[in-house]
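# Fold and geometry: a report
Take a look at the letters that make up each chain.
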Amino acid sequence: RLQRLRERLIRSNNVLGKGLLALLSSDRIDENVWDEVEEALLLADIGTEPSLELVETLKDRVKVMGSRNPEEVRSMLREELVKLVDPTLDRSLNVDRKGGKPAVVLIVGVNGVGKTTTVGKLARVLVAEDKDVLLGAADTFRAAAAEQLATWGARVGVPTVKSDIEGADPASVAFEAVKAGIEQEADVVMVDTAGRLQNKVGLMDELGKVKRVIEKLAEVDEVLLVLDATTGQNGLNQAKVFSEVVRITGIVLTKLDGTAKGGIVVAIQKQLGVPVKLVGLGEGPDDLAPFDVEGFVDAILN
Ligand code: GDP
């Protein structure tokens, strides 16, 4: 699976990789080249400060080594990128039953980032691990959202708890889903939520309430924030807003198949201290993979 992720990321339209490769293939790595490396990192959304720091570190290392061999410089860049993405973070998912109750996973994020799709794909991964999964459609705001989730449920063979009433209280749907999960001795209950960021106060109230109501029944084990990689730094602002409402335990970075802006991983982890745990690589049911630091950096560099 990781190998596949690696290959697919490398195949993906990775402008940054091609740029860096060309830049560091030059025999004369001078100030201009460093400027362009920095620009390439910025374009990939690695963020101003980390990009500057990385280039400074590289320059220093090149100076100390006295080496301008492009191969060596590339391998130094690789090492520094791996450090930046932080290979020490725990990226595992908390999806085991605990205290005789299912694990509860809350999926949050702005509309259109790929929340519902992610729930479907993740359900499929969990089912493949022999887990009994139940979905809760707490995005009651959009009429089509619950239907879309149920379609995904049917597709991957798991039941969906939803309300037939449009605009039903999201917290009560979440409550019913977790209650059903407990009764049916499910392993994992995954709750999809709405994401109307344009109404921040409403969103905070709603999400906070969903979480509180679930916690009357069971612990919330994972709160996964779904971010669209193609929105770059915008995703960071979304992450900040959501992290003010709930404690985010991990990020799912979607649409990484169509962008060279995956560097946002660095910025998010640095600013929020939350690891990217999963990545979305397409619209199909198998297009979700665990985030792999080495593969990610290879993809940036190749
Ligand atoms: P939600 O509003 O956050 O629930 O977003 P949806 O799950 O409805 O997804 C919005 C659109 O993004 C849909 O057309 C999905 O097929 C698409 N999408 C979701 N994840 C990915 C991904 O990883 N890659 C690509 N290319 N498209 C994705």
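Everything numeric here is computed off the predicted structure, so don't read it as measured data.

### Brief notes about the confidence of the model for the chain
Per-residue pLDDT for the chain has a mean of 86; in total, 88% of the residues score no lower than 70. Across the interfaces of the predicted complex, the ipTM metric reaches 0.99, alongside a pTM of 0.88.

### Things to note about the pattern of salt bridges
For the structure shown, the criterion picks out 17 salt bridges. Glu-80 serves as the salt-bridge partner of Lys-83, at 3.3 Å between the closest nitrogen and oxygen. Placement of both Lys-83 and Glu-80 in helix H5 (residues 70-85) is noted, with a separation of three residues, approximately one turn of the helix. Across the pair Asp-164 and Lys-162 runs a salt bridge, and its minimum N-O distance is 3.7 Å. Beyond isolated ion pairs, a larger network of salt bridges with shared partners links Arg-61, Glu-79, Glu-80 and Lys-83.

### Structural notes on the pairing of strand E4 (residues 188-193)
E4 sits mainly inside the fold: six of its six residues count as buried. Residues Val-188, Met-190 and Asp-192 of E4 are buried on one face, and the alternating residues Val-189, Val-191 and Thr-193, pointing to the opposite face, are buried as well. Bridging between strand E2 (residues 133-138) and E4 involves six bridges; their strand directions are parallel. Looking at E4, one finds that Leu-134 is bridged to Val-189.

### Concerning the packing of helix H10 (residues 233-245) against helix H11 (residues 264-272)
Between H10 and H11, the shortest axis-to-axis distance is 10 Å and the interhelical angle comes to 25 degrees. Relative to H11, the element H10 is oriented roughly parallel. The element H10 and its partner H11 pack so that their crossing is right-handed. In contact with Gln-233, Leu-236, Ala-239, Lys-240 and Ser-243 of H10, H11 contributes Ile-264, Ala-267, Ile-268, Gln-271 and Leu-272. Among the residues making up the contact of H10 with H11, the classes are represented as six nonpolar, three polar and one charged.

### What to know about the nonpolar core
Counting residues in hydrophobic clusters, the biggest one holds 90 residues, and the most contacted among them are Leu-81, Met-190, Ile-214, Ile-248 and Leu-253. In contact with Ile-248, other than residues within four places in its own chain, are Val-108, Val-223, Leu-225, Phe-242, Ser-243 and Val-274.

### Observations concerning the side chain of Ser-51
Residue placement: Ser-51 occurs in helix H4 (residues 48-65). A polar contact is formed between the side chain of Ser-51 and the backbone oxygen of Gly-47, at a distance of 2.6 Å. Apart from residues lying up to four places away in sequence, Ser-51 is in contact with Glu-38, Leu-41, Leu-42 and Ile-46.

### With respect to the site of the ligand
As a structural note, the neighbourhood of the ligand is formed by 18 residues, with Gly-112, Lys-115, Thr-117, Asp-257 and Glu-283 the closest of them. Here an oxygen atom of the ligand sits 2.7 Å away from a polar atom, N or O, in the main chain of Gly-112. In the complex, the protein chains occlude 80% of the 590 Å² of accessible area that the ligand would expose alone. No other element matches helix H6 (residues 115-128), which puts four residues into the shell around the ligand. Counted by class, the shell around the ligand contains three nonpolar, nine polar and six charged residues.

### Looking at the sheet that holds E4
Ordered by their spatial adjacency, eight strands build an open sheet running E3-E2-E4-E1-E5-E6-E7-E8, and the pairing between neighbours is mixed. What marks the edges here is a single partner per strand, and that holds for strand E3 (160-161) and strand E8 (288-290). Strand direction decides the pairing type here: strand E1 (residues 103-108) and E4, joined by five bridges, are parallel. Within the sheet, the bridge partner assigned to Ala-103 lies in E4 and is Val-188. Contacts from helix H8 (residues 170-183) reach E1, E2, E3 and E4 within the one sheet, and its direction differs from that of E2 by about 170 degrees.

Rules of the game
- For every chain, the first residue of the written sequence is number 1, and numbering continues from 1 along that sequence.
- The model is predicted, so local features are restricted to residues of pLDDT at least 70 and side-chain atom pairs to those at 80 or more, both for listing and for counting; the totals for chains, interfaces and linings are taken over all residues.
- With hydrogens and water stripped out, all remaining heavy atoms of the structure feed into the side-chain values.
- The predictor's confidence in any single residue is recorded as pLDDT, a number from 0 to 100.
- Throughout this description, the term salt bridge denotes a Lys or Arg side-chain nitrogen within 4 Å of a carboxyl oxygen of Asp or Glu.
- Numbering of helices and strands runs from the N terminus; a helix is a DSSP stretch of H or I covering at least four residues, while a strand is a stretch of E covering at least two.
- Throughout this description, buried means an accessible area under 20% of the type-specific maximum (1.4 Å probe, protein chains only), exposed means over 50%, and partly exposed covers the range between.
- The pairing criterion for strands is at least two bridges between them, as found by DSSP.
- Convention adopted: a line fitted to C-alpha atoms gives each axis, helices being fitted over their contacting stretch, and angles between N-to-C directions are expressed from 0 to 180 degrees.
- An angle counts as roughly parallel when it lies under 35 degrees, as roughly antiparallel when it exceeds 145, as roughly perpendicular when it falls between 65 and 115, and as oblique in every other case.
- By convention the crossing between two helices is left-handed if the near helix lies anticlockwise of the far one by an angle smaller than a right angle, and right-handed if it lies clockwise.
- Should any heavy atoms of two residues lie within 4.5 Å, those residues are considered in contact.
- Here the nonpolar group is Ala, Val, Leu, Ile, Met, Phe, Trp, Tyr, Cys and Pro; Asp, Glu, Lys and Arg are the charged ones; every other residue, Gly included, is treated as polar.
- What makes a nonpolar core is a set of buried Ala, Val, Leu, Ile, Met, Phe, Trp, Tyr and Cys residues whose side-chain atoms join them at distances within 4.5 Å.
- Whenever a nitrogen or oxygen atom comes within 3.5 Å of another N or O atom, the pair is scored as a polar contact, on the condition that within protein one atom can donate a hydrogen and the other can accept it, and that pairs from neighbouring residues in sequence are kept only if both atoms are in side chains.
- Neighbouring residues are identified by heavy atoms, a residue being near a molecule or strand if any of them is within 4 Å of it.
- Accessible surface area values rest on a Shrake-Rupley calculation with a 1.4 Å probe, where residue burial reflects the displayed protein chains alone.

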